[in-house]
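# Chains, contacts and geometry: an overview
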Amino acid sequence: MRGPIITLEGVQKYYGEYHALRGIDAEIGQGEFFSLLGPSGCGKTTLLRAIAGFEDISGGRILLDGRDMDGVPPNRRPTNMVFQSYAIFPHLSVAENVGFGLRKSPMSGAEKKTAVGEALEMVGLGGYGGRAAHALSGGQRQRVALARALILKPKVLLLDEPLSALDKKMREQMQTELRRLQRQVGITFILVTHDQEEALIMSDRIAVMFEGGIAQLAPPQDLYRRPASRKVGEFIGMMNFLPARLIEAGNPSVEVEVPGLGRAILEPDQCPMGTGGEISIGLRPESMTLLFDGQNAERVAQGVVEERTYYGDMTYYDIRLDGAPNIVQVSMRNMPGRRVLDRGDRADLAWDARAMVLFC
Amino acid sequence: MRGLKVYAITYLVFLYAPIILLPLFAFNDGTIIAFPLQGFTLDWFVELARTEALHDATVNSIFIAVTTAILATCFGLFAARAGNRHSFPGKGGILGFVMLPLVLPEIIVAVSLLVAMLQVGLSPSIWTVIAGHVLICTPFSIAILNGSFANMDKSLEEAAVDLGETPVSTFRLVTLPLVMPGIVASLLICFTISLDEFIIAFFLSGNEPTLPVYLWGQLRFPGRLPVIMALGTILVILSILLLVTAEYFRRRGLRRAGLEDTGGFL
């Protein structure tokens, strides 16, 4: 991350009584692919629109390239936006759409034409300039919207759920392509999405937002491996939560007893441990492994298979651990020759304390 | 089912048959409006062309209708955009108030306008008629343009601003072209409403009668009836042309914007 291009300082937004943004602090780096991830109504779109200048903020500051954006209208900000509906002008051709922002530029007509051609080439729509905009497919509209925004070489490109209207195959293709495009142009991208998988795939860093605040801001790997709270862990991927009992609180290591699994020594990077209070641990389904015929492991727990769900590449087992109040989910990659367990079968499963996350 | 079919046909005949009488008697060589027809003539149209007072009334009516259409459509455009894009205190009440003339009996509007204008010292003229017609046409214009704005993605205007346009140039480059079919439709409808409006014009036109007011005055002379029939024929043809044009523009607009047809006025 080279120096910040956007600095958010205690950004607040009220809609009447409703507190939509509750003091957002963040720095977004030059050339970074940054995602705002959260459920609907968490304030992620409001924050994006505030950066674009479509929403006035009620408190705090938004600095764009070191300049305070207070009172600067959207048409004077060095940002461009790809709207959720793409907002392609239906009365203009593809080329006129892409060249729309160049109307006031000092370029000559021929230069503009070349720029439009290059922009269309960049998004894989070379030769589409003469088409009517309303005759395009969803994916093509998306590309026109991208070309139209990128042609102005903004300092920051804002993307408001740009892939949510596409079907699954198209979405996956565009995810890779957007990432490639971002590396190619080197512009900071800020993506708003409610799809955690999309955020993990595309982003350098992700800000997870709940109820108008940032719950965690981290690179995808850290977010997945070390969620800062149960809520983040629940939102990103699948996670098992098991109640735990504190045995010994040391520094930096902590010993806990997890009913059904056993004792574990953890080195939590959160929870300044005191004594008492409710604590629990989180464990991803892939951090546990079923053991078959004679396999052994350092830490083994036993239980009964309650349910088996087949996903093609993976099989998920719901297992009721002996001596534990709840069910854990374990995922196993499907491989040739690997046995499957049926409902009601006894299961041995190995687990790893290094994958455990402590919540308090 | 058969009964319903007969009913529907009878209904349409009663609705439109009298209109067919207009051209029938306009070309009939006789001053009495009764069957049997006497023979074919163009005399009534020739006499129509010679009547000076009629020309004045026609010019008055067209001037009033054009001015009303432009003013009412401008007001309708602003009101519809404000209603669709912004929220402000008292919005519901204000919009309801603007739409009120749609359901208010015209006679009441006419009488109260006359009283109010005499009170402030304005004498009845073409301009007072225009004021009255703008009042009753604006709600129609708003209703038509509301549809245009509701069909238009809100992000389009934001996208234009985002790409560097000011609110004013955004209105010119994006909003106006996209609601243009609505504007054309509104102009035509307001023109038609104003052109054949009688009550307000009767109360407020003073000694500058509009076409309907002039016609009403002529009904006292039975000998003039065929001339009125001739005029009526011309007006019917013009009205049909106008409505067809309006519908053509509306459909073309929908096609250009790639939108679904949600039903028009034809």
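From a predicted model like this one, the values you see are computed outputs, not experimental measurements. (Residues numbered from 1 in each chain as written. Chains lettered and ligands numbered in written order. Predicted model: local features only at pLDDT ≥ 70, side-chain atom pairs only at ≥ 80, totals over all residues.)

## What about the overall build of chain A?
To keep it simple, the criterion reads: Only runs of H or I of at least four residues qualify as helices and only runs of E of at least two qualify as strands under DSSP, and these elements are numbered from the N terminus. The exposure label follows from counting other C-beta atoms within 10 Å of a residue's C-beta, where the C-beta atoms are placed from the backbone and the thresholds are 20 or more for buried and 12 or fewer for exposed, leaving partly exposed in between. The contact criterion used here is simple: two residues whose C-beta atoms, placed from the backbone, lie within 7 Å are in contact.
Counting its secondary structure elements, chain A contains eight helices and 20 strands. With the principal axes as the frame, chain A shows a C-alpha extent of 75 × 50 × 35 Å. Across the 360 residues in chain A, those meeting the buried criterion constitute 40%. A sequence separation of at least 24 residues applies to 65% of the contacts in chain A between residues at least 6 apart.

## Regarding the overall build of chain B
The helix and strand tally for chain B stands at eleven helices and zero strands. Dimensions of chain B, computed from C-alpha atoms along their principal axes, come out at roughly 70 × 60 × 35 Å. Classification of the 266 residues of chain B by burial places 34% in the buried group. Of the contacts made within chain B by residues no fewer than 6 positions apart, 78% connect residues no fewer than 24 positions apart.

## Some points on the UniProt feature "transmembrane region" (unreviewed entry) in chain B
Going by this rule: UniProt positions are given in the numbering used here, feature names are shortened, and annotations may be inferred rather than shown by experiment.
If you check UniProt for "transmembrane region" (unreviewed entry), the listed places come out as residues 12-37, 57-80, 92-120, 126-145, 178-205 and 225-246 of chain B in our numbering. Annotation note: span residues 12-37 of chain B, helix share 58%, strand share 0%, distance between end C-alpha atoms 24 Å.

## A short note on the UniProt feature "domain: ABC transporter" (unreviewed entry) in chain A
Mapped onto this numbering, the UniProt entry annotates "domain: ABC transporter" (unreviewed entry) at residues 6-236 of chain A. End C-alpha atoms of residues 6-236 of chain A are separated by 25 Å, and the span's content is 34% helix alongside 27% strand.

## Concerning the domain arrangement of chain A
How big an interface is tends to be reported as the loss of accessible area on association of its parts. Residues and elements named next belong to chain A. Heads up, the rule is: Domain start and end points were adopted from an automatic or database domain assignment. Following the grouping adopted for this structure description, the nonpolar residues are Ala, Val, Leu, Ile, Met, Phe, Trp, Tyr, Cys and Pro, the charged ones are Asp, Glu, Lys and Arg, and the polar ones are all others, Gly among them.
Here chain A is partitioned into domain 1 (2-234) and domain 2 (238-359). For domain 1 versus domain 2, the distance between C-alpha centres works out to 38 Å. With seven residues of domain 1 in contact, the opposing surface of domain 2 contributes seven residues. Across the side of domain 1 that touches domain 2, the residue classes break down as two nonpolar, two polar and three charged.

## Focus: the confidence of the model for chain B
As a reminder, the rule being used: pLDDT measures the predictor's confidence residue by residue and takes values from 0 up to 100.
Residue-level pLDDT values for chain B average 86, and 96% of them are 70 or greater. Of the two predicted TM-score estimates for the complex, the pTM is 0.81 and the ipTM is 0.83.

## Looking at the interface of chain B and chain A
In this assembly, 17 residues from chain B lie in contact with 18 residues from chain A. Breaking the side of chain B that touches chain A down by element, the ones donating at least two residues are helix H7 (154-162), helix H8 (167-195) and helix H11 (225-257) of chain B. If you tally residues by element for the side of chain B that touches chain A, the top one is H7(B), at six residues. Among the residues forming the side of chain B that touches chain A, the class breakdown is eight nonpolar, four polar and five charged.

## Notes on H7(B)
In terms of burial, H7(B) is largely enclosed, as seven of its nine residues are buried. If you check which residues of H7(B) are buried, you get B:Leu156, B:Glu157, B:Glu158, B:Ala159, B:Ala160, B:Val161 and B:Asp162. Close packing links the buried residues of H7(B) with helix H1 (44-52) and strand S6 (79-82) of chain A together with H8 of chain B. Positive phi appears at B:Gly164, one or two residues downstream of H7(B), with a value of about 105 degrees.

## Some words on the environment of A:Gly38
Residue and element names in this part refer to chain A. Within the element layout of this structure, Gly38 appears in the loop between strand S3 (33-37) and H1. For Gly38 and Ala207, which are 169 residues apart along the polypeptide, the C-alpha to C-alpha distance reads 8.4 Å. In contact with Gly38, not counting residues within four places along its chain, are Lys44, His194, Val208, Met209 and Phe210.

## Notes on the pairing of strand S17 (residues 314-321) of chain A
Residue and element names in this part refer to chain A. Short version of the rule: Pairs of strands are assigned from DSSP output, requiring at least two bridges between the strands.
Here strand S16 (residues 300-310) runs beside S17; their pairing, made up of seven bridges, is antiparallel. Following the sheet pairing, Gly303 is matched in S17 by Leu321. The turn joining S16 and S17, which pair antiparallel and follow one another in sequence, is formed by three residues; a positive phi near 95 degrees is taken by Gly312. Where S17 lies against strand S18 (residues 327-333), seven bridges are found, and the strand directions are antiparallel. Each residue of the ladder has a partner; that of Tyr317, found in S18, is Val330.

## Structural notes on the pairing of strand S10 (residues 213-218) of chain A
Residues and elements named next belong to chain A. Pairing of strand S9 (residues 205-210) with S10 involves five bridges; the strand directions are antiparallel. Bridge pairing links Met209 to Ile214 in S10. As consecutive antiparallel partners, S9 and S10 are separated by two residues, and within that stretch Glu211 has a phi angle of approximately 45 degrees, a positive value.

## What to know about the sheet that holds S10(A)
Residues and elements named next belong to chain A. To keep things clear, this is the line we draw: Here an angle of 0 to 180 degrees is reported between the N-to-C directions of two axes, which are lines fitted to C-alpha atoms, with helices fitted over the stretch in contact.
Taken together, the six strands give an open sheet; going across it, the order is S6-S7-S8-S3-S9-S10, and neighbouring strands pair in mixed fashion. Every other strand in the sheet has two partners, leaving S6 and S10 as the edge strands with one partner each. Within the sheet, the average angular offset between the axes of one strand and its neighbour, ignoring direction, is 20 degrees.

## Side note on the nonpolar core
In a soluble, globular protein the nonpolar side chains are often hidden away together inside. Just so we agree on the cut-off: To form a nonpolar core, buried Ala, Val, Leu, Ile, Met, Phe, Trp, Tyr and Cys residues must be joined through C-beta atoms within 7 Å.
Of all hydrophobic cores here, the largest spans 129 residues; its most connected members are A:Ala147 and A:Ile190. Per-element accounting of this core gives the leading share, eleven residues, to H8(B). In contact with A:Ala147, other than residues within four places in its own chain, are A:Val98, A:Ala119, A:Leu120, A:Met122, A:Val123 and A:Leu125. With 23 residues, the next largest nonpolar core counts A:Val254, A:Val258, A:Tyr317 and A:Met356 among its residues.

## Points about the packing of helix H5 (residues 106-119) of chain B against helix H6 (residues 126-151) of chain B
Helix-helix packing: each pair is described by the crossing angle between the helix axes and the interaxial distance. Residue and element names in this part refer to chain B. As a reminder of what qualifies: We call two directions roughly parallel when the angle between them is under 35 degrees, roughly antiparallel when it is over 145, roughly perpendicular when it lies between 65 and 115, and oblique otherwise. Left-handed describes a crossing whose near helix is turned anticlockwise from the far helix through less than a right angle; right-handed describes the clockwise counterpart.
Direction vectors running N to C along H5 and H6 enclose 140 degrees, while the axes themselves pass 11 Å from each other. In terms of orientation, H5 and H6 fall into the oblique class. Classified by chirality, the crossing of H6 by H5 is right-handed. Two secondary-structure elements touch here, H5 through Glu106, Val109, Ala110, Leu113 and Met117 and H6 through Thr128, Gly132, Leu135 and Ile136. When the residues that make up the contact of H5 with H6 are grouped by side-chain class, the tally is six nonpolar, two polar and one charged.

## With respect to the sheet that holds S16(A)
The strands making up a sheet associate through hydrogen bonds between their backbones, and the pairing can be parallel or antiparallel. Residue and element names in this part refer to chain A. Taking strand neighbours across the sheet as the criterion, the five strands line up as S15-S19-S16-S17-S18 in an open arrangement whose pairing is antiparallel. Only two strands of the sheet have a single partner each, and these edge strands are strand S15 (288-291) and S18. Across the sheet, the mean angle separating the axes of adjacent strands is 45 degrees when strand polarity is ignored. Both S15 and strand S19 (residues 346-351) contribute to a ladder of four bridges, which runs antiparallel. Residue pairing across strands places Leu291 opposite Asp348, the latter belonging to S19.

## Some thoughts on the environment of A:Glu211
Relative to the assigned elements, A:Glu211 resides in the loop between S9 and S10. Each C-alpha atom of the pair A:Glu211 and A:Pro259 lies 33 Å from the other, and the pair is 48 residues apart in sequence.

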